[in-house]
Amino acid sequence: MVQDTHQASARPLADAVPPPHPPAPAARRRRRAWDEVPRWQIYLPLGIYLLFTLVPFYWILLFALRPAGSTSLVPWPMTTEHFEKVWTERSFATFFQNSLLIGLATLVMTTVIALAGGYALARFDFRIKKGFMLALLCSQFVPGALLLVPLFQIFANLSMINSLGSVIIAETVFQLPLSMILISGFIRNVPYSLEEAAWVDGCSRFTAFRIVVLPLLRPGLVAVGSFAFVHAWNHFLFALMFLSSQEKQTIPVGLNTLMGADSVDLGALAAGGVIAAVPVVIVFAFIQKWLVTGFSAGAVKG
């Protein structure tokens, strides 16, 4: 009797909740069309992109590794005569050393100065802060070619023409605006309460910055430093204008010397291009994850 009463009370609840109905075939097909993209629609654009990206690199390697006068589309038999020619006869060993010195010095100076300036922009309020930020942004629209004459006059008065220091200073100055903006954006994402807690524990502002904030800025520093290094490594104009002697030239200027007025040594030019590209490829291969994190975090205001 009790069992019948329980079944009778449970039956209306079961009847009140209708069983779930499977979606209609048209709705299911529509959902599947949105959720499941055919693979060829993904692989085809990627394949075209890789084709346009990798073919020029293969073409450079082909001219750099195949013997002079060969027309084969496969670099076989491979030879290193073009690399030996540009490294020894064309002074690319000296060019490589100069470019490396300029790139590393620009990296260090840009990172240190941008770190100090970015911290001031992120943590302090002053009267001309908005105007200063606007000036930093506007400076990115000024091409370096417009400032070659005044920079040349300044370096000539300082007796710095044909000195690597002139190129390092010029590269650092042109890298600072964007670097300071990125670093300041990254510092804003670090909670200010972390520094305040360190001050309560007895740390000075500099000690709190060094212990608490600086370790959290590693992705931003890597992004800024790598960008400064690559730009200084590849920049052609400043080295061409401020460096006159061959022993002070950089790799971009050295590549320009391989192109004569009447003929071009394609093998030597391709080998020089490979030498110029290898350090940049190695840098980006090792810092790729830091670079993406740094630019994405420093580009927004926290």
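It should be noted that the structure appears before, not after, this text.
Residues numbered from 1 in each chain as written. Predicted model: local features only at pLDDT ≥ 70, side-chain atom pairs only at ≥ 80, totals over all residues. Heavy atoms only, no water.

1. A few points about the overall build of the chain
Summing up its helical and strand segments, the chain has 14 helices and zero strands in all. Taken from N to C terminus, the helices and strands of the chain fall in the order α-α-α-α-α-α-α-α-α-α-α-α-α-α. Taking all 302 residues of the chain together, the buried fraction comes to 34%. In the chain, once contacts between residues fewer than 6 apart in sequence are set aside, the share between residues at least 24 apart is 73%. Accessible surface for the chain amounts to roughly 18900 Å². Of this, 69% is attributable to carbon and sulfur atoms. (Helix = DSSP H or I, 4+ residues; strand = E, 2+ residues; numbered from the N terminus. Buried < 20%, exposed > 50% of the residue type's maximum accessible area, 1.4 Å probe, protein only. Contact = heavy atoms within 4.5 Å. Areas by Shrake-Rupley, 256 points an atom, 1.4 Å probe, with all protein chains shown as cover.)

2. As for the side chain of threonine 111
Position of threonine 111 relative to the elements: it lies in helix α5 (residues 92–123). Note on threonine 111: relative accessible area 15%, which makes it buried. Not counting residues up to four positions away in its chain, the partners in contact with threonine 111 are Leu221 and Gly225.

3. Quick look at the packing of aromatic side chains
Under the criterion given, the structure shown has eleven aromatic pairs. Ring geometry for tryptophan 87 against phenylalanine 96: centres 5.8 Å apart, planes inclined by 55°, an arrangement best described as tilted. Judged by relative accessible area, which is 23%, phenylalanine 96 ranks as partly exposed. Summarising the aromatic geometry, the rings of phenylalanine 92 and phenylalanine 95 are spaced 5.5 Å apart at their centres and angled 65° between planes, so their arrangement reads as edge-to-face. Taken together, the residues phenylalanine 92 and phenylalanine 95, both in helix α5 and three residues apart, mark about one turn of the helix. Just as phenylalanine 92 is buried, phenylalanine 95 falls in that class too. (Phe/Tyr/Trp six-rings, centres within 6.5 Å; stacked < 30°, edge-to-face > 60°.)

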